[in-house]
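# Structural overview
Listed below, chain by chain, are the residues.
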Amino acid sequence: MAYLGEDTPKLGFGMMRLPEFEENGEKTIDIEQVKQMADEFMAAGFTYFDTAHSYHGGRSEMAVRDAIAGRFPRESYQIATKMPAWMAKDAEEAKAMFTTSLERMGTGYIDFYLLHNMGDERSAAFDKFGVWDYLEEQKEKGLIKHLGFSMHANAETLKQILDGHPELEFVQLQINYADLDNPSVDARRCYEVARAYGKPVIIMEPVKGGSLAHLPDHIARIFKEAAPHASEASWALRYAASLDGLVTVLSGMSDIEQMRENIATMTGLEPLSADEEAVIEKVRAALEKQPSIDCTDCKYCLDTCPEHIAIPTILSQLNIILRYDDQVRARGGYAWIPEPARASQCTQCGACEDTCPQHISVMEEMKNAVELLEV
């Protein structure tokens, strides 16, 4: 029996980082380039577009209308978007996110609708605001074809969500070869849980936000020696797409050249061979030897910090700089941390260091974070 998404082409157009230009002092999506990207994507036989209520402040969903919905037959493509109910102040605002998304995109219905970034305290908003029953009603009306969720939490959290809501049809997870055993991502165990529960998987961050497309030179050389003409990004995409039980693999594409490179990689896709898997393992081992802060994301520091600083998240962004030499991605991740929880709020009280089982010099790392990430 075929599973949901088995026949979906395995490259999805992630619309979180669309090309922009500045106009009258404000950033505007380059819709003409997005149209060209959509044209080449569809012409190559790919059909899955992924956006969210909050991407580009809602302008990403409007780009769906202008570049896709108004230009292609509805049955020729699949649209996914997401509801971040935890951003809403009340139930009315949360539920309005759904209708607003439909209006912005003009697609008539949504193929894959996701509860956005579930886990931790964010999951409570979907219960508090009655989102579950509301979305089931929309599904019964035919406005949602398939209902699932995205998540950046650990395998235990994933089990809790799936046990509590077996009606969810799929899950979107961060999976890439570098994050398999990363305690803050828990990619390997999350994938195994999804497979055990029989839930098809949509993969996000297969290139780790671009970090795996620009590896340190001595590590990139491993790939070059194995396949001189293959890009580092192509190895990451092919690794993700070689996994079983996938709906698709999302790539957040920012310009037409990225689109063309990804299409070339994923057209006529061949799963990794045993020799290629060995190359990936060699690269993973080399990345593990890179300097890093030994945070295991145990969160003990969060229980003791009087300022409620997002210490594990901050340390993970510093590790992106240490391991991948990717300050742009690290700053981008840091920008999502609310200002009251940023490193500059650290009072150097030392409570975190008293409870850290890894004996990390947290106070010093907070100083480093201010210098490297708060620009």
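In short, a report on the structure. (Residues numbered from 1 in each chain as written. Predicted model: local features only at pLDDT ≥ 70, side-chain atom pairs only at ≥ 80, totals over all residues. Heavy atoms only, no water.)

## A word on the nonpolar core
The biggest cluster of nonpolar side chains holds 114 residues, and the ones touching the most others in it are Phe 49, Leu 135, Phe 149, Tyr 177 and Leu 215. Setting aside its immediate chain neighbours within four residues, Phe 149 contacts Leu 114, Leu 115, Met 118, Leu 158, Ile 161, Leu 162, Leu 168, Phe 170, Val 171 and Gln 172. Counting residues in each nonpolar core, the second largest holds 9 residues, with Ala 80, Met 204, Val 247 and Leu 250 among its members. (Core = buried A, V, L, I, M, F, W, Y, C linked by side-chain atoms within 4.5 Å. Buried < 20%, exposed > 50% of the residue type's maximum accessible area, 1.4 Å probe, protein only. Contact = heavy atoms within 4.5 Å.)

## With respect to unusual backbone geometry
Phi is positive for His 56, close to 55°, though the residue is something other than glycine. Along the polypeptide, His 56 turns up in the loop between β4 (48–50) and α2 (59–69). The backbone phi angle of Lys 208 is positive, close to 55°, even though this residue is not glycine. By the secondary structure assignment, Lys 208 is in the loop between β9 (201–204) and α8 (217–226). (Helix = DSSP H or I, 4+ residues; strand = E, 2+ residues; numbered from the N terminus.)

## Observations concerning the pattern of salt bridges
Opposite charge on two side chains permits pairing when their charged atoms draw close. By the definition in use, this model includes 23 salt bridges. Between Lys 82 and Asp 50 there is a salt bridge; the shortest N-O distance is 2.9 Å. You can see Lys 82 sitting in strand β5 (residues 78–83) and its partner Asp 50 sitting in strand β4, a full 32 residues away along the chain. Judged by its relative accessible area of 3%, Asp 50 falls in the buried class. Between Arg 323 and Glu 288 there is a salt bridge, with its nearest N and O atoms 3.8 Å apart. Separated by 35 residues along the polypeptide, Arg 323 in helix α13 (residues 311–324) and Glu 288 in helix α11 (residues 274–288) bring together distant segments of the chain. Take Arg 323: its relative accessible area is 15%, and that puts it in the buried class. (Salt bridge = Lys/Arg side-chain N within 4 Å of Asp/Glu carboxyl O.)

## Let's talk about the side chain of Ser 101
Here Ser 101 is to be found in helix α3 (residues 91–105). Sequence-distant contacts of Ser 101, defined by excluding residues within four places in its chain, comprise His 53, Glu 61 and Thr 81.

## Describing the pairing of strand β2 (residues 20–23)
Where β2 meets strand β3 (residues 26–29), 4 bridges bridge the pair, whose relative direction is antiparallel. In the strand pairing of β3, Phe 21 is matched with Thr 28. The antiparallel pairing of β2 with β3 creates a hairpin that spans 2 residues between the two strands, and Asn 24 there sits at a positive phi of about 55°. (Pairing = 2+ DSSP bridges.)

## Remarks on the packing of helix α9 (residues 232–241) against α11
Contact geometry of α9 with α11 gives a least axis separation of 11 Å together with a crossing angle of 115°. For the pair α9 and α11, the sense of crossing is left-handed. Contact with α9, carried on its side by Trp 235, Arg 238 and Tyr 239, involves Glu 276, Val 279 and Ile 280 of α11 and no other residues of that element. Along the lines of polarity and charge, the residues of the contact of α9 with α11 split into 4 nonpolar, no polar and 2 charged. (Axes fitted to C-alpha atoms, helices over the stretch in contact; angles between N-to-C directions. Left-handed = near helix turned anticlockwise from the far one by under 90°. Nonpolar A, V, L, I, M, F, W, Y, C, P; charged D, E, K, R; others polar.)

## Some thoughts on the sheet that holds β9
Here we have 8 strands rolled up into a closed barrel, ordered β1-β4-β5-β6-β7-β8-β9-β10, and parallel in their pairing. Averaged over all pairs of adjacent strands, the angle between strand axes in this sheet comes to 30°, irrespective of strand direction. Contacting β6 (110–118), β7 (144–151) and β8 (171–174), helix α6 (residues 155–164) crosses the sheet at an angle of about 150° to β7. Where α9 meets the sheet, its contacts fall on β9 and β10 (246–252), and the angle it forms with β10 comes to roughly 160°.

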